[in-house]
Amino acid sequence: MSEPKYGYAGKILIVDLTAQKTETIDTDPYIEWVGGHGMASKLFWDYCEDKTVESTDPKNVIVCATTPFSGAIVPAASARCEFTGIGPFSVPEWYNRSSMGGRLAGMMKEAGYDAVVIMGKAASPVWINVVNDRVEFNDATDLWGLDTFETQERIWDEVTHGTPEGSWYELSGSRDGGRTTQRPSVMCIGPAGENLARVSCVVHDAGHVTGQSGFGAVFGSKNLKAMSFIGSKSIPIADPAALVRLRMEVQEKFGYNIDEGKVPGAPGSPGAASTVLDTSPTVARAEGCRGCFKNCRNLFPGGVGNELTCSAGTYFTGSGKIDDTLEVYSLLSKYGLNGYEVDMPVYLNNLYKMGVMGKGKEIDTDLPFEKFNTVEFMEDLLHRIAYREEIGDDLAEGIARAAQKWGRWDEDTSSGLLARPNWGYCEHNEPRAEVEWSYGSIFSERDINEHGVHNAVYNTSIMAVLTGAEPPVAAEDMAKQLADQSGLDDPECFNWSEEGIYSDARVREIHWNRAYGRFWLQSLGMCDWVWPNFVSRKHTLETGSTYGATPEYEVKFFKAVTGRDLSYEESIQLGHKFWVLDRAIWALEGRHREQEVFTNYVYDVKTTKPFPLVVHEDGKWSYSLCQGRTLDRDKFEDFKSRFYVHEGFEESTGRPTRGCLETLGLGFAADALEAAGKLGA
Amino acid sequence: MIAEEERAEGLPLREEAEGAASEGAAPAENVTVDDAGAEDEVPGMAEACRRFPTPTEEEAAHALRELSWGEQFVASRMFPSKGGTDLYLYSLRSAALFLLDGDRAHIGKGSDQEIKLIDVDGFVSWVRDVVGDGPLADAMDEDCPPDDPYHDRLQAVQRLIDLRMVQYGGLW
């Protein structure tokens, strides 16, 4: 590169595990793809010659891509590293994605790389050590079999030359090799990945994982135990002063006051972004990803359960003992299992109670169900899954494939006993009502796991609804606010009534939702726990407004870091482009409209739990509890058709057309689809 | 990550936190039904005995028994980060653990704000008709008027089940 590209390290590392060689290429040609997912998808397109191979085939390619924001101090946006490749978990397998927070992305850039492309398969277990520009393959035979904590500690020790934590050490033998006190950022697999469990993940530090993908098995299939990054380079920022100022502004206007104590309000509400961490005398203290101001994770005095958050943090609560919850959380991380993907104990116990699972039963297993709701049961279960022992061999395939093998899939997804609405993924939020989530998921590759709209609508209103109080933001105001901030300008886009969820306005909302997510969340690594930042009440007393930081601050941060002008509208167009490239990859992989159908319970079993969402019914806006609802099959199919047309996809197949692709500058994808007979007409 | 040998002996149960995010009463300490005359010594026992007749051992065993498929109560909990999860409760004890644990140490910033969702009327019927604890069900009927907001009804359920579990020998 002749001049610095602000926000970028400047190089991409291409790793050939088969030949145990690496190549470094310039980031320049990929900057138009921005970073994160956009960059990863283009790299996958370029380097994965056969996109239809199985996930554990050596020809599968894994891309780990940082973003221009990685390692900077963009609030809640400086830590995420995007991972893409053919993922083992989804049913069926296809090009998939995950991301990981912590320290990895920033350190990867400080070592000199914007992305890493991993190809081939090593002949025997290896780990790769990246120290600034030096890349080394190392024999991982003595690491293979270790859990992720043991693996990382060994690698830290090796890379730091045994230096005590916090002390200075030289990164290399040369005078200009750089010095640091940092521990390397290591991503690795545990026994689950080594045993090609589809429910496995890549793990970094104590609790950062590539969830909902099965990428741990891809690493395992490549005999790649770990990659370690440590660097002493700087990341060029176009306008550091502006970046600092903007961060302070976001903290001031939309953050929290550490001295104020916990702000009462709806649990998990956007006020959570302005809710100070729990300061009561507990056993935990806050911890977060690099550059975050929200810090949603915990550290504990004994170290067990460190970095606990999210799904895995509540994986086991059946004994009522906190120690047990922490222990099981750490077990998940150590084995390299994803809490979401092994979210099956309740279902298994139900099968046991039904009399179809157990010793000598139709699904024969000696799992100790008499000890259900004890940590002993969980230890046994997770061990079996990680090592594919006994029933664990079925469960390591994911509960969807296991249920299919047992002949229970149709029955249990029809009744809702096994709530897996699409692609084998857990139900995350209510698919029969919260359609920006369920539609976004069925039209994409997985559970979208993007909380922005949900945080604004559900989390703001739920406690008020349950306590009989007035919601802090009235329904009509909420719809208008979302419409304003999203740029859709039509409140009907945020109408979750039984008619509204099939409307043309909702088509536009899904288009926007996918595009915003692909660009800001997955290509710039902005954490969905804060972004899009729709509702904030920190400044409401002074301003009278509940508007959050979106869309003003995303583009400001982009300018401050990269020096490039990018309008919010352009960002949505780019996000759409990146998403359509993914649709093209899925089309190559055989994806078809007929697959984009929810499991039966979504259509046939009515909701019972209160799930407050904004509705516009009989001329009035209100929060409905959305009880007694199902999705209508015919109406959803009609919606699907209109959505495809809106996106430029062939109505009968859902495949992108040449016109759609070329308009987006994806003519190369159109050519490939045409050659494969998979181009939409 | 700290070596196992440095792990603390056990994490203390903490008092209920201030603030609107906490739900439910802290469960009373463990006592046995057989402690005759212990009403004044066991926290919550006196109040429990004012509210409910003291159960016999057989009644307690019956109420706390493990239930079979078809007898479960399906509850739900909602975490901001994880979303909703259905829980199948196969005993009154499991129900009490679910309703009362309250994540009292706030172990997860995304998970420290759990919302417990039950069909209150359905739960009362389950306690009466399936679990077989008529006095507990009657008390819930009395303290959970149908027109009260859900949160108030839930808290009443939690208070009552907490007291009843004191009589049954506690939870922890």
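Cut-offs applied
- Residues numbered from 1 in each chain as written.
- Chains lettered and ligands numbered in written order.
- Predicted model: local features only at pLDDT ≥ 70, side-chain atom pairs only at ≥ 80, totals over all residues.
- Heavy atoms only, no water.
- Helix = DSSP H or I, 4+ residues; strand = E, 2+ residues; numbered from the N terminus.
- Buried < 20%, exposed > 50% of the residue type's maximum accessible area, 1.4 Å probe, protein only.
- Contact = heavy atoms within 4.5 Å.
- Areas by Shrake-Rupley, 256 points an atom, 1.4 Å probe, with all protein chains shown as cover.
- Core = buried A, V, L, I, M, F, W, Y, C linked by side-chain atoms within 4.5 Å.
- Pairing = 2+ DSSP bridges.
- Axes fitted to C-alpha atoms, helices over the stretch in contact; angles between N-to-C directions.
- Disulfide = S-S within 2.5 Å.
- Arc of directions from axis to C-beta.
- Polar contact = N/O pair within 3.5 Å; in protein donor to acceptor, adjacent residues only side chain to side chain.
- Expected span 1.5 Å × (residues − 1).
- Phe/Tyr/Trp six-rings, centres within 6.5 Å; stacked < 30°, edge-to-face > 60°.
- Lys NZ or Arg CZ within 6 Å of the ring centre and 35° of its normal.
- Parallel < 35°, antiparallel > 145°, perpendicular 65-115°, else oblique.
- Left-handed = near helix turned anticlockwise from the far one by under 90°.
- Patch = residues over 30% accessible without salt bridge, like charges linked within 9 Å, V, L, I, M, F, W, Y side chains within 5 Å.
- Salt bridge = Lys/Arg side-chain N within 4 Å of Asp/Glu carboxyl O.

Helix and strand counts for chain B come out as six helices and three strands. Per-residue burial over chain B gives 55% buried out of 172 residues. Residue pairs in contact within chain B that sit at least 24 positions apart in sequence constitute 68% of those at least 6 positions apart. Summing over all exposed atoms, chain B offers an accessible surface of approximately 7400 Å²; the carbon and sulfur share of this is 45%.

Turning to the nonpolar core, a few remarks are in order. Core analysis: the biggest nonpolar cluster contains 213 residues, and Trp406(A), Tyr439(A), Trp520(A), Ile118(B) and Phe123(B) have the highest contact counts within it. When residues of this core are assigned to their parent elements, the largest contribution, twelve residues, is made by helix H20 (residues 568-588) of chain A. If we ignore the near neighbours within four places in the chain, the residues touching Ile118(B) are Phe73(B), Ala75(B), Phe98(B), Leu99(B), Phe123(B), Tyr150(B), Leu154(B) and Val157(B). Counting 44 residues, the second largest nonpolar core, distinct from the first, contains Met107(A), Tyr169(A), Phe215(A) and Phe219(A).

What follows concerns the sheet that holds strand S3 (residues 115-117) of chain B. Residue and element names in this part refer to chain B. Strand order in the open sheet formed by three strands is S2-S1-S3, and the pairing between neighbours is antiparallel. Where the open sheet ends on each side, the last strands, each with one partner, are strand S2 (83-89) and S3. Adjacent strand axes in the sheet meet at a mean angle of 25 degrees, parallel and antiparallel pairs treated alike. Here three bridges tie strand S1 (residues 73-79) to S3, and the two strands are oriented antiparallel to one another. What sits directly across from Arg77, in S3, is Lys116.

Okay, the state of the cysteines next. Note on terminology: disulfide describes a covalent bond linking the sulfur atoms of two cysteines. Residues and elements named next belong to chain A. A complete count under the given rule lists zero disulfides over all chains for this structure. Cysteine Cys660 is unpaired, with the sulfur of Cys493 as its nearest cysteine sulfur at 20 Å. For Cys660, a relative accessible area of 9% gives the class buried.

Turning to the pairing of strand S7 (residues 126-131) of chain A, a few remarks are in order. Residues and elements named next belong to chain A. With six of six residues buried, S7 is to be regarded as a mostly interior element. Burial along S7 is two-sided: the residues Val126, Ile128 and Val130 and Trp127, Asn129 and Val131 are all buried. The pairing of S7 with strand S8 (residues 134-139) spans six bridges and is classified as antiparallel. Paired with Asn129 across the two strands is Glu136, which belongs to S8. By the bridge criterion, six bridges tie S7 to strand S14 (residues 224-230) in an arrangement that is parallel.

Moving on to helix H4 (residues 120-131) of chain B. Residue and element names in this part refer to chain B. Residues of H4 that are buried include every one of Val120, Phe123, Val124, Trp126, Val127 and Val131, and no others. Looking straight down H4, one finds that the buried residues subtend no more than 155 degrees of arc, so they occupy a single side. Elements that come into contact with the buried residues of H4 comprise helix H2 (57-64), S1, S2, helix H3 (92-100), helix H5 (134-143) and helix H6 (150-168). Among the residues of H4, the N-terminal cap falls to Asp119, whose side-chain oxygen and the backbone nitrogen of Asp121 are separated by 3.3 Å. Trailing H4 by a residue or two, Gly132 shows a phi angle of about 90 degrees, which is positive.

This part takes up helix H17 (residues 504-521) of chain A. Over its 18 residues, H17(A) runs 25 Å from end to end, which matches the ideal 26 Å to within 8%, given 1.5 Å per residue. Where burial is concerned, most of H17(A) is hidden: 16 out of the 18 residues are buried.

Residue and element names in this part refer to chain A. Evaluation of the coordinates by the stated rule reveals 35 aromatic pairs over all chains. Pairing Trp45 with Phe668 gives two aromatic rings, centres 5.5 Å apart and planes at 70 degrees, and the pair type is edge-to-face. Remark: Phe668 occurs in helix H24 (residues 667-675) and Trp45 occurs in helix H1 (residues 36-47); sequence separation between them is 623 residues. For the ring pair Phe598 and Tyr603, a centre distance of 6.1 Å and an interplane angle of 65 degrees mean the geometry is edge-to-face. The pair formed by Phe598 and Tyr603 is uniform in burial state, with each residue classed as buried. Each member of the aromatic cluster is reached from another via a ring pair, and the members are Tyr439, Phe443, Trp579, Phe598, Tyr603, Phe636, Phe639, Phe643, Tyr644 and Phe649. Over the ring of Trp33 we find Lys577; its NZ or CZ atom is 4.6 Å from the centre of that ring. When the ring centre of Trp94 is taken as reference, the NZ or CZ atom of Arg591 above it lies at 4.3 Å.

Strand order in the open sheet made by the six strands is S8-S7-S14-S11-S12-S13 (chain A), with mixed pairing throughout. This sheet does not close on itself; its edge strands, each paired only once, are S8 and strand S13 (208-209) of chain A.

Residue and element names in this part refer to chain B. Relative orientation of the contacting elements H4 and H5 amounts to 155 degrees, with a least axis distance of 7 Å. One finds that H4 runs roughly antiparallel with respect to H5. Every pair of crossing elements has a handedness; the one defined by H4 and H5 is left-handed. Counted together, Phe123, Val124, Val127 and Arg128 of H4 and Gly134, Leu136, Ala137, Asp138, Met140 and Asp141 of H5 form the full contact between these two elements.

This part covers a nonpolar patch on the surface. All names here are of chain A. A grouping of Ile73, Val244 and Met248 is seen on the molecular surface, where their side chains present a nonpolar patch of about 260 Å² in accessible area. Looking at where Met248 falls in the secondary structure, it is placed in helix H6 (residues 240-254). We classify Met248 as exposed; its relative accessible area is 55%.

Residues and elements named next belong to chain A. If you trace the backbone, Thr163 turns up in the loop between helix H3 (148-159) and strand S9 (169-170). Given a relative accessible area of 19%, Thr163 falls into the buried group. Apart from the residues lying within four places of it in its own chain, the contact partners of Thr163 are Trp168 and Tyr169. A polar side-chain atom of Thr163 sits 2.5 Å from the main-chain carbonyl oxygen of Thr160.

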